[in-house]
Amino acid sequence: MRVLRLLAAALLAAALPGAAFAQDARRGADLAAHLCVNCHGADGRSQTQGVPSLAGQQTEFITLQLILFREGIRQVPAMTPFAANLPDRDIEDLAAFFASLPAGPPDDREPRDAARFAAGQALSGPRNCAVCHMPNYAGRNQVPRLTGQREDFLAQTLKDYRDGRRIGADPQMNGAVAGLSDADLIALAHYLAQHD
Amino acid sequence: MLRRTLAAGVFAALSALPAFAQQPAPVPGWAVGRPEGSTLAPHAPRLTVTPPDQVPVGSIRLPAGFQAELFAHGMPGVRTMVEGPNGTIFAGTRVIGRVYAISRNPDGTTRTRVIAQGLSQPNGLVMIGNSLYVLAVNRVLRYDNIEANLDNVPQPVDLTAAFGLPTEQDHGGNHHWKFATLGPDGRIYTNIGVNCNVCNTDREVFATLVSFNPDGSGRRIEARGVRNSVGMAHHPVTRELWATNHGRDWVGDDNPNDTLIRVRRAGEDHGFPYCVGNWADPQFNAGRNCSEFAQPAALLGPHVAALGMRFYTGTMFPEQYRNQIFIARRGSWNRARLSGYDVVVAHLDAQGNVTRLEEFMTGFRDDANQRFLDRPADVHVLRDGSLLVSGEQMGAIYRITYRR
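Bear in mind the structure is a predicted one, so any value in this text is a computation, not a measurement.

Draft legend 1. Local environment of the overall build of chain B. Helices and strands together make up the secondary structure of chain B, namely two helices and 29 strands. The C-alpha radius of gyration computed for chain B amounts to 20 Å, which stays within 12% of the reference 22 Å derived for 404 residues, consistent with globular compactness. Projecting the C-alpha coordinates of chain B onto the three principal axes gives extents of approximately 65 × 45 × 45 Å. In chain B, 56% of the contacts between residues at least 6 apart in sequence involve partners at least 24 apart. Here chain B has roughly 15100 Å² of accessible surface; of this, 48% comes from carbon and sulfur atoms. Averaging the locations of the 40 positively and 36 negatively charged side chains of chain B gives two centres separated by 1 Å.

Written out as structure tokens, the structure reads:
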């Protein structure tokens, strides 16, 4: 059944020769208003614990993750109903919309804790965070932006990678956080969340 | 650099033990040995549908007399291709986790279906009789009578346990996807890529080519020291196994080469991680003399990512292409300037020595702007003698024909 549904989506997309495929952020904004902003925030900055901010996120990262959700390769129950039937065009427009929003921290970002920040910073070098996410942590292409992200989401994501509950398009993050303690990951999340 | 890599290796070996914040982390597998400050990284995949008017078929350049056309499109991530007895093309993928079926309509157009999805890197496909085998990392699934059931795909027979291939975790996420081919002896041949960019590893497991009976029994090592092969085929006359092989990353723009290997004797050693041909690895040579290893049949270029290869067994192309090897080079990322993004032909003499490499299908690499239009991942000879080339980045399959 899912095969058929997907097929229909694929055929629909394929059957639109000459359709505007330039990403349409304005259309993405309309879609997001119905689908996304309740949890991810009207300005793309999530005020909801455990839900990531998407403002300023890399378009290719958002596109890839939505496809992984849709295909059932990345499984997050809260996302499943929203991604299940999403056509490529909607995905690309949503990605363009969120990428166009200015990144920034949530209103409830914790003040900097000097000790945790220092511990996270000390890990970031040896763990090579900046190699893929870039020295300013803005990410690139399929590698996500980390600046402005919610600390609780970062901490949970790092744990999921360490414990094998999350696997990306490739498993590089699983390797990058292997062997770190909960305290290490909490420090790393705090350090990264303090970047704008 | 050596010290850092060694440290990373030691750390990886100890990773079962509690880690200390000050210890160096395992560098991402693809980035071992990466020089400080380099901004090279793997190119992002494109997993959305590319409309046909954006597929760069018009950019393709071929020798005189050859033409390219768009055979099928709308299949994000399309890579490996096999053909069923009734002419259906089955195509595997990596990240998007799908297997496609492409059938031809009476009017010559094609119809595309998704016949499997949600799999982890289903890149290994083999057709045996009416059964399609899908190798998705360690999972092995057999879809019986598949061509009669394209609209209502039955549950596959799960042969995972019988094959006992290393899991994604065993590989540490490195080179765990499969290429597979059916040998003239009826066995399934596949790669077990190395579980790192470059490292000392269990050479009886990783960096091997292996073969199995179709039920998963009778595992045999066909070649050792093969870092990662994502394309192989048997010579139509000699029945020898030939394969493409990827060289390691981060030893500069011009080393080492990807190679074409010829397996003359089951089990022979092709040198990874010590050597590639007569090139000694600067970090992992371990004092070995490169002449003790099987030498490559051809050097295919550094970092070009040589993938699918097939012997041309058709009659449509001129006689000079008969039994020569068409090789898809998906294109480089670990190199300052792009290379590859084309299909080359390895021309052989009567003894099977490679006499030259011909750049056959070009036009996807834009040297002036350092960008690429598509990435050839596999080739397949159709029964009419035309050649299919899959373009992974655009989700398209091209068909190459020849008219005198």
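Read on for the rest.
Draft legend 2. Representation of the environment of Leu 40 of chain B. Residue and element names in this part refer to chain B. Within the secondary structure, Leu 40 is located in the loop between helix H1 (2-13) and strand S1 (66-72). A relative accessible area of 23% means that Leu 40 is categorised as partly exposed. Taking C-alpha positions, Leu 40 is 7.4 Å from Arg 335, a pair spaced 295 residues apart along the chain.

Draft legend 3. Local environment of the pairing of strand S12 (residues 208-212) of chain B. All names here are of chain B. The buried fraction of S12 amounts to five of the five residues, a majority that puts the element mostly inside the structure. Sheet topology places strand S11 (residues 188-192) next to S12; five bridges connect them, and they run antiparallel. Looking across to S12, one finds that Ile 192 is bridged to Thr 208. Bridging between S12 and strand S13 (residues 220-224) involves four bridges; their strand directions are antiparallel. Across the sheet, residue Ser 211 finds its bridge partner in S13, namely Arg 220.

Draft legend 4. Main features of the packing of helix H4 (residues 59-70) of chain A against helix H6 (residues 88-100) of chain A. Residues and elements named next belong to chain A. Where H4 contacts H6, the axes come no closer than 8 Å and their chain directions differ by 140°. Our classification of the angle between H4 and H6 gives oblique. The two elements H4 and H6 cross, and the hand of that crossing is right-handed. Contacts between H4 and H6 pair Thr 59, Ile 62, Thr 63, Leu 66, Ile 67 and Arg 70 from the former with Asp 88, Ile 91, Glu 92, Leu 94, Ala 95, Ala 96, Phe 98 and Ala 99 from the latter. When the residues that make up the contact of H4 with H6 are grouped by side-chain class, the tally is nine nonpolar, two polar and three charged.

Draft legend 5. Just the nonpolar core, in detail. Counting 38 residues, the largest nonpolar core has Leu 66, Leu 94 and Phe 98 of chain A together with Phe 71, Ile 102 and Ile 397 of chain B as the members making the most contacts within it. No other element matches the seven residues that H4 of chain A contributes to this core. Here Phe 71 of chain B is in contact with Ile 89, Ile 102, Arg 104, Thr 110, Leu 382, Leu 388, Ile 397, Tyr 398 and Arg 399 of chain B, once residues within four sequence places are set aside. The next biggest cluster of nonpolar side chains, apart from the first, holds 25 residues, and it includes Phe 66, Leu 373, Val 389 and Ile 400 of chain B.

Draft legend 6. Structural context of the domain arrangement of chain A. Residues and elements named next belong to chain A. Along its sequence, chain A is carved into domain 1 (2-100) and domain 2 (114-193). Counting residues at the interface gives 18 residues for domain 1 and 16 residues for domain 2. It is Gln 58, Phe 61 and Arg 74 in domain 1 that bury the most area against domain 2; as a group they hold 31% of the surface buried on that side. At the junction of domain 1 and domain 2, the tally comes to zero salt bridges. Scanning the region where domain 1 abuts domain 2 turns up 11 residue pairs in polar contact (both at pLDDT 80 or more). Split into classes, the residues belonging to the side of domain 1 that touches domain 2 amount to six nonpolar, 10 polar and two charged.

Draft legend 7. Main features of the environment of Glu 168 of chain B. In this fold, Glu 168 of chain B is placed in the loop between helix H2 (160-163) and strand S10 (180-182). Counting along the chain gives 59 residues from Glu 168 of chain B to Arg 227 of chain B, while the straight-line C-alpha distance between them is 16 Å. Contacts of Glu 168 of chain B, omitting those with residues within four sequence positions, involve Ile 167 of chain A together with Ser 120, Val 137, Gly 173 and His 176 of chain B.

Draft legend 8. Focus on the sheet that holds strand S27 (residues 376-381) of chain B. Residue and element names in this part refer to chain B. The sheet built from four strands is open, its strands ordered S1-S29-S28-S27 with antiparallel pairing. Each having just a single partner strand, S1 and S27 make up the two edges of the open sheet. Averaged over all neighbouring strand pairs, the angle between strand axes comes to 25°, with direction disregarded. Bridge count for S27 against strand S28 (residues 387-391) is five bridges, and the pairing is antiparallel. Bridged to Val 379 within S28 is Val 389.

Conventions and cut-offs
Residues numbered from 1 in each chain as written. Chains lettered and ligands numbered in written order. Predicted model: local features only at pLDDT ≥ 70, side-chain atom pairs only at ≥ 80, totals over all residues. Heavy atoms only, no water. Helix = DSSP H or I, 4+ residues; strand = E, 2+ residues; numbered from the N terminus. Rg over C-alpha atoms; globule rule 2.2 N^0.38 Å. Contact = heavy atoms within 4.5 Å. Areas by Shrake-Rupley, 256 points an atom, 1.4 Å probe, with all protein chains shown as cover. Lys, Arg positive; Asp, Glu negative; His and termini not counted. Charge placed at Lys NZ, Arg CZ, Asp CG, Glu CD. Buried < 20%, exposed > 50% of the residue type's maximum accessible area, 1.4 Å probe, protein only. Pairing = 2+ DSSP bridges. Axes fitted to C-alpha atoms, helices over the stretch in contact; angles between N-to-C directions. Parallel < 35°, antiparallel > 145°, perpendicular 65-115°, else oblique. Left-handed = near helix turned anticlockwise from the far one by under 90°. Nonpolar A, V, L, I, M, F, W, Y, C, P; charged D, E, K, R; others polar. Core = buried A, V, L, I, M, F, W, Y, C linked by side-chain atoms within 4.5 Å. Domains from an automatic or database assignment. Buried area = accessible area lost by both parts, 1.4 Å probe. Salt bridge = Lys/Arg side-chain N within 4 Å of Asp/Glu carboxyl O. Polar contact = N/O pair within 3.5 Å; in protein donor to acceptor, adjacent residues only side chain to side chain.

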